[in-house]
Amino acid sequence: MPRANRRRRDLESRPLSGASEVGTQSYSGRPWHVRQLSGATSTREYRCPGCHQGIAVGTPHVVVWPAQGVGGIDERRHWHTRCWSARHAARP
């Protein structure tokens, strides 16, 4: 019998539900993958790293994760759409 604590391979490449295509944008001198989410399938509240406020369940927003280097899909962050759009004006 296989060990129960091993990661299931079929879950590793599961796409995000209710999402659009993935694009690439820059932030802090690094490329980031960016995906718009409709919010229709969100089941929990997220904390936006841009404004440090909650993103309510069902709210359209963007998900970003590093395109290169350390991190990847495990480092994804959920941002308000307006906060991601204004990310260059905000202080780090």
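Before reading on, note that the structure itself is shown above.
In short, a report on the structure. In this text the structure is predicted, and so the values were computed from the model without any measurement. (Residues numbered from 1 in each chain as written. Predicted model: local features only at pLDDT ≥ 70, side-chain atom pairs only at ≥ 80, totals over all residues. Heavy atoms only, no water.)

1. A few points about the overall build of the chain
Right, on to step 1. Each helix and strand counted, the chain has 2 helices and 6 strands in total.
Right, on to step 2. Excluding contacts between residues fewer than 6 apart, the proportion of contacts in the chain whose partners are at least 24 apart in sequence is 43%.
Right, on to step 3. In the structure as shown, the chain presents an accessible area of about 6,800 Å², 49% of it carried by carbon and sulfur atoms. (Helix = DSSP H or I, 4+ residues; strand = E, 2+ residues; numbered from the N terminus. Contact = heavy atoms within 4.5 Å. Areas by Shrake-Rupley, 256 points an atom, 1.4 Å probe, with all protein chains shown as cover.)

2. Remarks on the state of the cysteines
Should the sulfur atoms of two cysteines be covalently bonded, the bond is a disulfide.
Right, on to step 1. In total, this model carries 0 disulfides according to the counting rule given.
Right, on to step 2. Its sulfur unpaired, C51 is 3.7 Å from the next cysteine sulfur, which belongs to C83. (Disulfide = S-S within 2.5 Å.)

3. Thoughts on the pairing of strand β5 (residues 61-66)
Right, on to step 1. Taking burial as the measure, the 6 residues of β5 include 6 buried ones, the bulk of the element.
Right, on to step 2. In this structure, strand β2 (residues 30-37) lies alongside β5, joined through 6 bridges in antiparallel fashion. Looking at β5, one finds that H33 is bridged to W65.
Right, on to step 3. Across 3 bridges, β5 lies against strand β6 (residues 77-79) in antiparallel orientation. Directly across from V64, in β6, lies its bridge partner R77. (Buried < 20%, exposed > 50% of the residue type's maximum accessible area, 1.4 Å probe, protein only. Pairing = 2+ DSSP bridges.)

4. Some remarks on the pattern of salt bridges
Right, on to step 1. The full count for this structure, using the stated rule, is 1 salt bridge.
Right, on to step 2. A salt bridge links R77 to E75, with the nearest nitrogen and oxygen atoms 3.6 Å apart. (Salt bridge = Lys/Arg side-chain N within 4 Å of Asp/Glu carboxyl O.)

5. Focus on unusual backbone geometry
Right, on to step 1. If you check the backbone angles, S28 has positive phi at about 55 degrees while not being a glycine.
Right, on to step 2. As for its placement among the helices and strands, S28 is situated in the loop between β1 (19-27) and β2.
Right, on to step 3. Of note in the backbone geometry, H52 takes a positive phi value of approximately 65 degrees without being a glycine.
Right, on to step 4. Residue placement: H52 occurs in the loop between β3 (46-47) and β4 (54-55).

6. So, the nonpolar core
Right, on to step 1. Core analysis: the biggest nonpolar cluster contains 10 residues, these being Y27, W32, V34, C48, I55, V62, V64, W79, C83 and W84.
Right, on to step 2. Where this core is concerned, the elements lending two or more residues are β2, β5 and α2 (81-85).
Right, on to step 3. Not counting residues within four places of it along the chain, the set of residues in contact with C83 comprises C48, G50 and C51. (Core = buried A, V, L, I, M, F, W, Y, C linked by side-chain atoms within 4.5 Å.)

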